[in-house]
Amino acid sequence: MQNKIILVTTDSFGTGNDPALGENVMETYFTVLKQQSDLPAAIFFMNRGVYCLTEQSLCSLHLKEIEEKGVKVFACKTCVDHYNVETELAAGEISGMAHFVELSATYEVITIA
């Protein structure tokens, strides 16, 4: 996956009537991802996805570990500002759309929506 980036646009993996299930599946995704030897070049969070990086999300614990393994983790500045979560970020660094465009021109994008 080194030639890929993951774009996360929501805090709940998949759609359905039970948000708690989607949040649990998202956490499971990052739990399994961090155990892989072949990790993506970066993970970029937009829209409600930035909530995955906050202290309230168990995903943030796994994302910290993924960062420690050398994967760059980014939060969209516009989205962080919109949801007013800058002080709640437990993982990742704030970045902008120009950076995402640059990454997406360089790497294949896998989208979790």
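These figures come from a predicted structure and were not determined experimentally. (Residues numbered from 1 in each chain as written. Predicted model: local features only at pLDDT ≥ 70, side-chain atom pairs only at ≥ 80, totals over all residues. Heavy atoms only, no water.)

Engineer: An account of the nonpolar core is needed here, citing residue identities and associated values.
Structural biologist: In this structure, Val-8, Phe-30, Ile-43, Phe-44, Phe-45, Leu-53 and Leu-63 are the most contacted members of the largest nonpolar core, which totals 32 residues. Mapped by element, the contributors of at least two residues to this core are strand S1 (4-8), helix H1 (19-34), strand S2 (42-45), helix H2 (59-68), strand S3 (72-76), helix H3 (77-83) and helix H4 (97-106). (Core = buried A, V, L, I, M, F, W, Y, C linked by side-chain atoms within 4.5 Å. Buried < 20%, exposed > 50% of the residue type's maximum accessible area, 1.4 Å probe, protein only. Helix = DSSP H or I, 4+ residues; strand = E, 2+ residues; numbered from the N terminus.)

Engineer: I'd like a description of the packing of aromatic side chains, backed by residues and values.
Structural biologist: All chains considered together, the criterion is met by six aromatic pairs. Between Phe-13 and Tyr-29, the ring centres sit 5.7 Å apart and the planes meet at 45°, which makes this aromatic pair tilted. Here Tyr-29 lies in helix H1 and Phe-13 lies in the loop between S1 and H1, a separation of 16 residues in the sequence. For Phe-13, a relative accessible area of 32% translates into the label partly exposed. A centroid spacing of 5.2 Å and a plane angle of 75° characterise the contact between Tyr-29 and Phe-30, whose relative ring orientation is edge-to-face. In textbook terms, an aromatic cluster arises when at least three aromatic residues are bridged by ring pairs, as seen for Phe-13, Tyr-29, Phe-30 and Phe-45. When the ring centre of Tyr-83 is taken as origin, the NZ or CZ atom of Arg-48, which lies over that ring, is 5.9 Å away. (Phe/Tyr/Trp six-rings, centres within 6.5 Å; stacked < 30°, edge-to-face > 60°. Lys NZ or Arg CZ within 6 Å of the ring centre and 35° of its normal.)

Engineer: Can you break down the pairing of S2 residue by residue, with the values?
Structural biologist: Along S2, one buried face is formed by Ala-42 and Phe-44 and the opposite face, lined by Ile-43 and Phe-45, is buried too. As defined by bridge partners, S1 adjoins S2 across four bridges and the pair is classed as parallel. Bridge assignment links Ile-6 to a residue of S2, and that residue is Ile-43. This β-α-β element, S1 to H1 to S2, shows right-handed connectivity. Summarising the sheet, S2 and S3 pair through four bridges and their orientation is parallel. Counterpart to Ile-43 in the pairing with S3 is Val-73. Traced from S2 through H2 to S3, the parallel crossover comes out right-handed. (Pairing = 2+ DSSP bridges. Right-handed = clockwise from strand over helix to strand, strands pointing away.)

Engineer: Can you break down unusual backbone geometry residue by residue, with the values?
Structural biologist: Backbone phi values are negative for most residues with the exception of glycine, while trans is the configuration of most peptide bonds. With a phi close to 50°, Asn-47 is a non-glycine residue in the positive phi region. Judged by relative accessible area, which is 40%, Asn-47 ranks as partly exposed. At Asn-84, a position not held by glycine, the phi torsion is positive, near 55°. Residue position: Asn-84 is located in the loop between H3 and strand S4 (93-95). For Asn-84, a relative accessible area of 62% puts it in the exposed group.

Engineer: Give me the side chain of His-62: which residues, what numbers.
Structural biologist: Residue placement: His-62 occurs in helix H2. With a relative accessible area of 10%, His-62 lands in the buried category. A polar side-chain atom of His-62 sits 3.2 Å from a polar atom in the side chain of Glu-27. Not counting residues up to four positions away in its chain, the partners in contact with His-62 are Glu-27, Phe-30, Thr-31 and Lys-34. (Polar contact = N/O pair within 3.5 Å; in protein donor to acceptor, adjacent residues only side chain to side chain. Contact = heavy atoms within 4.5 Å.)

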